[in-house]
Amino acid sequence: MENNKTPLAYRMAPETLDEYVGQEDIIGKDKMLYRLIKADRLSSIILWGPPGCGKTSLARVIANTTKNKFERLNAVNAGVADIKRIVEDTQNALLNPSGKVVLFIDEIHRFNKLQQDALLPYVENGTVILIGATTENPYFSVNKALISRSTVFKLKELTNEDVFKVLKNAITDTKKGLGNLGLVVDDEVLKMIAELSGGDVRVALNAIEIAALTTDMNSDGDVVITKEIAIECIQKKKVEFDKSGDSHYDNISAFIKSMRGGDADAVLFYLARAIYAGEDPMFLARRICICAAEDVGMANANALVVANAALQAIHQIGMPEARILLADAATYVARSPKSNAAYLGIDKALHDVGSMDTGTIPMHIRNAPVEDMKDEGYSVGYKYPHDFPNHEVEQQYLPDKMLGVKYYVPDETEEKLK
């Protein structure tokens, strides 16, 4: 058994492709990545996925499989000097006859542009076979030139069944796992830990290890792990995204689109995810205000009033009570009739103003702050609507060149404003 001081999550990491659990759609036996690793013909790749889904484990498998030199860096504490050192060692024919290195860079999104640019020529000429791991969307966080020379593989969150399988192996494995501790754990307890881990196998393994090491033997010499013990040992249920990551934008996008689509249940679900992950309530309130203006518009003008009132109140109240105001405003916006007529209208008007000759403002509606300007025609002929029945009067407001253009086209959902 490996050193007991080594965390269980590290000890249980797979060493071969056959030990790897999950990601069958990209690492299954009939898949390209499996064949490339097995044949040791891997080219540069980017592994993109949530924490604990197997990115580092896959790199470890590759390290044990490839005949090329293997190096590992963490972008948090590595720099250009580290890259140059590895390349120099790689190009030393005595130390490395193949002249190639498989370089695993964890959290590659943390490399700045200069550091990523330093990799580029060596990836391009094949000296470095890059394996980059990232939780962030690489199409936004990784140099486009590196992306174009690599294959991006999107790893998914592990299923509860995958995590359960890893846990089952961990408590029975006598060499690397906890099989020598006399653990008694029902499958239902393991399934609960798997579910609460949120697809992060490290969280699940840490929980079962803490439970095993902090629970006393009973009179029969068994270490019995109950649901109550497991719940005490597992971290707060993992949310699929962190508030600064790429999935933050996925969640807020789903929240907004659910409001736009009128699904109040989905709205509350995505709102709860955001709150649970520690999202700024003011950010959420501002998004609700924008949706009220953009998607509800004049179909229910009160939606913006409600959303803005929530924004102001949240600023004064804060969490946890702010969750109630957010829920009220978001569901009100979701259930309101929708119209984007004003939103479409202003964008069309902005386009015209910026791209064509729109003419001049009619003289009769121009400003005449001094009497002498009326001699020039300013404000002459203006009809004051309040002087007419129903406070309405027909007169020209648009420039001559824009007559007949329609920007605001209300639909049947809009309120009849009189």
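In this report, the structure presented in the accompanying data block is examined. Predicted model only: the values in this text are computed from it and were never measured.

About the thresholds
Residues numbered from 1 in each chain as written. Predicted model: local features only at pLDDT ≥ 70, side-chain atom pairs only at ≥ 80, totals over all residues. Heavy atoms only, no water. Buried < 20%, exposed > 50% of the residue type's maximum accessible area, 1.4 Å probe, protein only. Helix = DSSP H or I, 4+ residues; strand = E, 2+ residues; numbered from the N terminus. Pairing = 2+ DSSP bridges. Axes fitted to C-alpha atoms, helices over the stretch in contact; angles between N-to-C directions. Contact = heavy atoms within 4.5 Å.

### Topic: the pairing of strand 3 (residues 101-106)
Each regular strand shows side chains that alternate between the opposite faces of the sheet. Buried residues dominate strand 3, accounting for six of its six residues. Side chains V101, L103 and I105 of strand 3 all project onto a buried face; the interleaved residues V102, F104 and D106 project onto the opposite face, where all are buried too. Relative to strand 3, strand 2 (residues 69-74) runs parallel, the two sharing six bridges. Following the sheet pairing, F70 is matched in strand 3 by V102.

### Regarding the sheet that holds strand 5 (residues 151-154)
A sheet is described by the order of its strands in space; here five strands give the open sequence 2-3-4-1-5, paired in parallel fashion. Among the strands making up the open sheet, the edge pair consists of strand 2 and strand 5. With strand direction ignored, the average angle separating the axes of adjacent strands in the sheet is 15°. Relative to strand 4 (residues 128-134), strand 1 (residues 45-48) runs parallel, the two being bridged by four bridges. When the sheet's bridge partners are listed, I46 is paired in strand 4 with G132. Against the sheet, helix 5 (residues 80-90) touches strand 2, strand 3 and strand 4, its axis set at about 175° to strand 2. Against the sheet, helix 6 (residues 113-124) makes contact with strand 3 and strand 4, and its axis sits at roughly 135° relative to strand 4, the strand it touches most.

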